[in-house]
Amino acid sequence: MPDGGTGIGAAVKRVEDKRFLTGRGNYTDDINRPGQTYAYILRSPHAHAKINRIDTSAAASAPGVAAVFTGADMQVGSLPCGWQIHSKDGSPMHEPGHPPLAQGKVRCVGDQVAVVIADTYAQAKDAAEKIVVDYSPLPAVIDMNKALGGKTLVHDEIGTNLCYDWEIGDAAQTDAAFAKAAHVTKIDIVNNRLVPNAMEPRAAIGEFDQATGEYTLYTTSQNPHVIRLLMGAFVLSIPEHKLRVVAPDVGGGFGSKIYHYAEEAIVTWASSRVRRPIKWTADRSEAFISDAHGRDHITHAELAMDSEGKFLALKVDTKANMGAYLSTFATCVPTYLYATLLAGVYTTPLIYCNVKAIFTNTVPVDAYRGAGRPEATYLIERLVDRAAREMGISQVDIRRRNFIPPDAFPYQTPVALQYDSGNYIATLDAAQKAADVDGFEARRKASAAKGKHRGLGYSTYLEACGIAPSAVVGSLGARAGLYESAEVRVHPTGSVTVFTGSHSHGQGHETTFAQLVSEKLGLPMENIEISHGDTNKVQFGMGTYGSRSLAVGGEAIVKALDKVIAKAKKIAAHIMEASDSDIEFKDGVFTVAGTDKTLPFGQVALTAYVPHNFPHQELEPGLDEKAFYDPLNFTFPGGCHICEVEIDPDTGVVKVERMTAVDDVGRVINPMIVAGQIHGGLAQGIGQALLEGCVYDDDGQLVTGSYMDYTMPRADNLPSFSVGTESTLCQHNSLGVKGCGEVGAIGSPPAVINAVVDALWHLGIRDMTMPASPQVVWAAINSARPAAAAE
Amino acid sequence: MYAFDYHKPSSVADAIAALKGAEDGKFVAGGMTLIPTLKQRLAQPSDLIDLGGVKELVGITVSGNTVTIGAMTTHAAVAKSAEVAKAIPALAALAGGIGDPQVRNRGTIGGSIANNDPAADYPAACLALGATIKTDKREVKADDFFTGLFETGLAEDEVIVSVSFPTAEKAAYMKFDNPASRYALVGVFVAKAGGGAKVAVTGAGQNGVFRVPEMEKALSTNWSADAVAGLKVDAGTLNADIHASADYRAHLITVMAKRAVAAAG
Amino acid sequence: MPTVTMTVNGKKVSGEVEARTLLVQFLRENLHLTGTHVGCDTSQCGACVVHINGDSAKSCSMLAVQAEGTEVTTIEGLANGDELHPMQAAFKEHHGLQCGFCTPGMVMSAVDLVKKKPKASEHEIREWLEGNICRCTGYHNIVKAIQHAQQTM
């Protein structure tokens, strides 16, 4: 597509930017409703405690207070979990209750105990200090390794802290392959717990219309229809036609705004009691203890190889932290979004994985950018790196030797997935070139001359996204379908509004989706509006996560556009007195093939709504088409990330000198937006590798509870990135798109850590934990020094 | 934030009168530490007396071998002052590295040293350069001023007027940031003046900013990075947290001291 | 309650506020200038950056009463009518924003940078942005946008 175009492949500047750049965005906290009150949520200071008594009388009579509610008042349904996993013995997972307000017990710091509703936020907070809660603190389970077999139970009623004990693959065959292996490489991995930290803290406004009995919830959500369904059907028993959920501009999500949270239910429920709208906005410290966290796996893995370094089998044993309650999609993350990815880009014929999901007295853990796939990628790519070193094979050769070759697609892995396309050699070659790998040794020497250690690390990865075929996920325990819907409403004058069930919270859908319309209908961007985020406007939607918006939501738009074009062709044929099959449509103009008879799109649209000369026997008036699209398979983006670091041994500081990513994301609709998505993912991946990590103390207090202690990536932590795409097309959607939202965060952490290990290997350092903070790296170097000297 | 009454006097005398008239009053200078503390409800003063309107507390003068900085002078003003940069370049550089640009535009030297946050930068400069802190009542040597964590020799109703820094032959400040908060995890200010050397460390000490006599002694006879390379502060006197163990801090003090001496030339 | 008066985006405004009201609350709640955002409570994220008498400052870390008599510029006051300020235009041109939440503070901080250090290097730009956290862009395109605005401002 040449510059200046607005169709597929054009780097169109974003439609949404002007409002954000001029301060005219409309985020949830920017909304104020007439008569609005403010909610402050009193949260547990204890990781685990029995609540003996709550005295709210002083708070209730404090200035400005409209109401105070506790769990005794709010007897509603449990916050539901959307995915049921079965243990290897066939039993369903343990699914303890998750009340919006605590029922007699708190199970993590931050658990909701009471809500104060007042005229101002300050008054609500002032009053909350007058609530007296009589707690009996209980011992807390924080460390997953100590959670099983101990006496302390997060949920007494289930008698264990084990949520499920799940497996995939054939254990016996895998063991047999290990018995024949020439070499086995073993690794122990901790995938560090992260806090998503979208810059907009969560917020919610509940409103009840006494006249109609209708509820409205404004909320910071990635999927308003899902919230309507979960909250309406499972928690508050409000039928869909009486519940509107609006997710307006949302300031980032990264997964953390998928879930149905207690605060949404609390303000909605309470709005009908106090008969006034109620706004709740988290402050950042509150976000740290109430947003779902991410990752948090402990894994032991073993890779069996033949004497040439060819992978024979992989065995993985993982403990996954669920936190205190099951968040909406928590259970599928360490199973179907993790273990099914363990083949990666390699031909490993046998894989067995056991996953134990464990309750602890910590904030619930759920999907965070990548969700399961970064954990799988980190494991595989660290293991491959280690295997190469143990086998005396180069990092590149061991990968090339084991890649699924480009002509092997469709490729069936031993862990359920069937990859449709990819070319891992091409992305590796392109990344090596872009990273100037050839010049690395000279750069390493130059660093050494300055007393610094330089290292180079690879990650050749793959992920499954475009989530997901409903029938497949349904058979695996999903309690939802994962299709997407779109309505293309052509207006009488030929402009178009698209209603999509996808939700944009930074991804630029208003631009990318409009490009699809522009391409298909030949319309200029200014004649196209993309509408999302309001259940009263949009027919239905499953929302945005799992890099699914274009591959599923975009495809639904294309299907609806195809229906529009098909109907419009019939109308055009009628007007031009030709046969349907002779009508061609290109660049917004209908032509009778082989003639100079033409009709612009706008004329057809007008005819559809002013149907004086119209094929009434054959067609209904109007030009407004809808499509639901359920994908046939996951999509499989992949690629190669190469990281180059320089380490200052005196301080332990790791500086990312170069970060190169060449990704296969399928067809690129807007290269500017795709590059931006990859930049952001890389920053979060480097953040996980070097900076970010949750620390709980033994009592279950979150030590990293604010930006004073949780290290957010800042501009000076990161280099400029080198990103490129080297695409093969998805074979099962018409656009050929795969997804780009998560690849940066999935591929990069092992590249960074492999680079750190590479830089320090000569000192005798064999492993590195995430985050590789200055202290951690310095301590490793410091303890390696005497050992290295003795060698 | 809890509710309080707000006063904005225009003279030091009025400020002190306002404080004395309050049940539990507190001065606020730039507010870069106090406002966040109030937001977290970690303090509950009855009255806040804003020194932002007291013009006599603002300004930089250099006379002879002394740089005098008014208590309400912002870090940004010190950082961009050509006079400071000429007289004590290390001091201008230190001010230019405090917090972030927005903090530097509001935060003041008086607020910084009165608060004596153990991870603040200015206290290290005060000790190493041998500054004198002038209040409305008296003049105090920096060595007598900083008395512990968030503790100074200031009386409740005493206002810092200015801080005077003697120039040094050589001086430099090297800071290793806390990766998360960006406060000093370890900051070392070294100065050579009057035939002697001073080394002050912030960010690391259990009792806040402190001097390192062994390093001072070594540098007095041999002003070189090598002179301090083998000297280590006892880790037993240092802070430990998730970002840095006491051993790591002790190590960083030596590294930063070496780098500061090298930078000072 | 104290009355506070200041000039915001060229217009003289006043209002009655509790002394404990932060400047950002006054802007958002009293003046309905919701472009200035709050992203943290420890003065680190910079979503709330505005200009006070021409210097960038965090409006979450000062009281409304402390801004008495000052000239405040918020993101809403940066463009000239329908014409974007060169920094805003550069952010659009270089895709320097995604979700838009950190953007107002980021832009206000960047404008102050180019005014104070018109020739800042990439390294200096990244250091200046220490007080502005973005979770979406990885800063890559923000830096590019600021470099572009160095030419156009």
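Digging into the overall build of chain C
Argument step 1. Within chain C, the secondary structure is distributed over five helices and five strands.
Argument step 2. Each helix and strand of chain C, placed in order from N terminus to C terminus, yields the pattern β-β-α-β-β-β-α-α-α-α.
Argument step 3. The C-alpha radius of gyration of chain C comes to 15 Å, within 12% of the 15 Å expected for a compact globule of 153 residues.
Argument step 4. Projected onto its principal axes, the C-alpha positions of chain C cover 45 × 30 × 25 Å.
Argument step 5. The burial tally for chain C puts 66% of its 153 residues in the buried class.

A word on the overall build of chain B
Argument step 1. Looking only at helices and strands, chain B features twelve helices and 14 strands.
Argument step 2. Here chain B has a C-alpha radius of gyration of 18 Å; the compact-globule value for 265 residues is 18 Å, and the two agree.
Argument step 3. Taken along its principal axes, the extent of the C-alpha atoms in chain B is 55 × 45 × 30 Å.
Argument step 4. Going through the 265 residues of chain B one by one, you find that 56% of them count as buried.

Topic: the domain arrangement of chain C
Residue and element names in this part refer to chain C.
Argument step 1. The assigned domain composition of chain C is domain 1 (3-77) and domain 2 (86-152).
Argument step 2. Here the C-alpha centre of domain 2 lies 21 Å away from the C-alpha centre of domain 1.
Argument step 3. The interface of domain 1 with domain 2 comprises 15 residues on the first partner and twelve residues on the second.
Argument step 4. Elements represented by at least two residues in the side of domain 1 that touches domain 2 include exactly β3 (49-52) and β4 (55-58).

Let's talk about the environment of S720(A)
Argument step 1. Position of S720(A) among the secondary structure elements: in the loop between α17 (671-691) and β28 (722-725).
Argument step 2. Given 16 C-beta atoms within a 10 Å radius, S720(A) is considered partly exposed.
Argument step 3. Considered as a pair, S720(A) and A784(A) are 64 residues apart in the sequence and their alpha carbons are 32 Å apart.
Argument step 4. Among residues more than four places away in sequence, those in contact with S720(A) are H140(C) and V143(C).

Considerations on the interface of chain C and chain A
Argument step 1. Opposite the 44 residues of chain C that make contact, chain A presents 43 residues.
Argument step 2. Among the elements that take part in the side of chain C that touches chain A, helix α2 (residues 86-93) of chain C stands out by supplying four residues, more than any other.
Argument step 3. Considering only residue class, the side of chain C that touches chain A consists of 20 nonpolar, 15 polar and nine charged.

Quick word on the nonpolar core
Across soluble globular proteins, you tend to see nonpolar side chains buried next to one another.
Argument step 1. Counting residues in each nonpolar core, the largest one holds 413 residues, and the members touching the most others are A39(A), V116(A), V756(A) and V190(B).
Argument step 2. No other element matches helix α15 (residues 549-575) of chain A, which puts 14 residues into this core.
Argument step 3. The residue makeup of this core includes at least three contributed by each of domain 1 (3-77) and domain 2 (86-152) of chain C.
Argument step 4. Setting aside anything within four residues of it in sequence, one finds V756(A) in contact with G455(A), V645(A), I647(A), V654(A), M768(A), A772(A) and V777(A).

Some thoughts on the interface of chain A and chain B
Argument step 1. Taken together, the 15 residues of chain A in the interface contact eleven residues of chain B.
Argument step 2. When residues of the side of chain A that touches chain B are assigned to their parent elements, the largest contribution, four residues, is made by helix α19 (residues 774-790) of chain A.
Argument step 3. Class assignment of the residues belonging to the side of chain A that touches chain B gives a composition of nine nonpolar, four polar and two charged.

Focus on unusual backbone geometry
Argument step 1. Look at the link from I467(A) to A468(A): it is a cis peptide, with omega at -5 degrees.
Argument step 2. Secondary-structure assignment places A468(A) in the loop between β18 (453-462) and α13 (470-475).
Argument step 3. Cis peptide bonds are those with omega within 30 degrees of zero, and the linkage from M770(A) to P771(A) qualifies with -5 degrees.
Argument step 4. Residue position: P771(A) is located in the loop between α18 (743-760) and α19.
Argument step 5. Even without a glycine there, the phi angle at N116(B) is positive, about 45 degrees.
Argument step 6. Counting through the fold element by element, N116(B) comes out in the loop between α7 (109-115) and α8 (122-129).

Looking at the pairing of strand β12 (residues 278-281) of chain A
Residue and element names in this part refer to chain A.
Argument step 1. The alternating pattern of β12 places I278 and W280 on one face and K279 and T281 on the opposite face, and all of these are buried.
Argument step 2. One ladder, built from two bridges, connects strand β1 (residues 37-43) with β12; its direction is parallel. Residue pairing in the sheet places Y38 in a bridge with K279 of β12.
Argument step 3. Note that strand β9 (residues 203-209) and β12 share four bridges and pair antiparallel. Paired with I205 across the bridge in β12 is K279.

Regarding the environment of V316(A)
All names here are of chain A.
Argument step 1. Relative to the assigned elements, V316 resides in strand β14 (residues 311-323).
Argument step 2. When the C-alpha atoms of V316 and H300 are compared, they prove to be 6.0 Å apart, with 16 residues separating the residues in sequence.
Argument step 3. Residues contacting V316, with those up to four places away along its chain left out, are T299, A301, L342, C353 and L379.

Notes on the sheet that holds strand β7 (residues 162-169) of chain A
Residue and element names in this part refer to chain A.
Argument step 1. Reading across the sheet, the five strands line up as β7-β15-β14-β13-β8 and stay open at both edges, with mixed pairing between neighbours. Both edges of this open sheet fall to β7 and β8 (183-191), since each of them pairs with a single strand only. When strand polarity is set aside, the average angle formed by the axes of neighbouring strands in this sheet is 10 degrees.
Argument step 2. Of the pairings in the sheet, the one linking β8 to strand β13 (residues 297-305) comprises nine bridges and is antiparallel in character. Bridging across to β13, I189 finds its partner in T299.
Argument step 3. Running over the sheet, helix α9 (residues 373-391) touches β8, β13 and β14 and is turned about 140 degrees from β8.

Description of helix α14 (residues 509-521) of chain A
All names here are of chain A.
Argument step 1. A rise of 1.5 Å per residue sets the reference length of α14, with its 13 residues, at 18 Å; its end C-alpha atoms lie 17 Å apart and thus fit the reference within 8%.
Argument step 2. Judged by how many residues are buried, α14 sits mostly within the fold: 13 of 13 residues are covered.
Argument step 3. Following α14 by one or two positions, G522 has its phi on the positive side, about 70 degrees.

Some points on the packing of α2(C) against helix α3 (residues 103-116) of chain C
Residue and element names in this part refer to chain C.
Argument step 1. Contact geometry of α2 with α3 gives a least axis separation of 10 Å together with a crossing angle of 125 degrees. As far as their axial angle goes, α3 and α2 are oblique. Seen along the crossing, α2 lies across α3 with a hand that is right-handed. Residues M87, Q88 and F91 of α2 form the contact with α3, whose participating residues are T103, V107, A110 and V111.
Argument step 2. Looking at the contact of α2 with α3 residue by residue, the class counts come to five nonpolar, two polar and no charged.

Here's the deal with the packing of helix α6 (residues 224-235) of chain A against helix α7 (residues 262-274) of chain A
Residue and element names in this part refer to chain A.
Argument step 1. One can describe the packing of α6 onto α7 by two numbers: an axis separation of 11 Å at closest approach and a directional angle of 65 degrees. Along this stretch, α6 crosses α7, giving a crossing that reads as right-handed. Contact residues: α6 offers I227, M231 and V235, while α7 offers E264, A265 and T268.
Argument step 2. Class assignment of the residues belonging to the contact of α6 with α7 gives a composition of four nonpolar, one polar and one charged.

What counts and what doesn't
- Residues numbered from 1 in each chain as written.
- Chains lettered and ligands numbered in written order.
- Predicted model: local features only at pLDDT ≥ 70, side-chain atom pairs only at ≥ 80, totals over all residues.
- Helix = DSSP H or I, 4+ residues; strand = E, 2+ residues; numbered from the N terminus.
- Rg over C-alpha atoms; globule rule 2.2 N^0.38 Å.
- Buried ≥ 20, exposed ≤ 12 C-beta atoms within 10 Å, placed from the backbone.
- Domains from an automatic or database assignment.
- Contact = placed C-beta atoms within 7 Å.
- Nonpolar A, V, L, I, M, F, W, Y, C, P; charged D, E, K, R; others polar.
- Core = buried A, V, L, I, M, F, W, Y, C linked by C-beta atoms within 7 Å.
- Pairing = 2+ DSSP bridges.
- Axes fitted to C-alpha atoms, helices over the stretch in contact; angles between N-to-C directions.
- Expected span 1.5 Å × (residues − 1).
- Parallel < 35°, antiparallel > 145°, perpendicular 65-115°, else oblique.
- Left-handed = near helix turned anticlockwise from the far one by under 90°.

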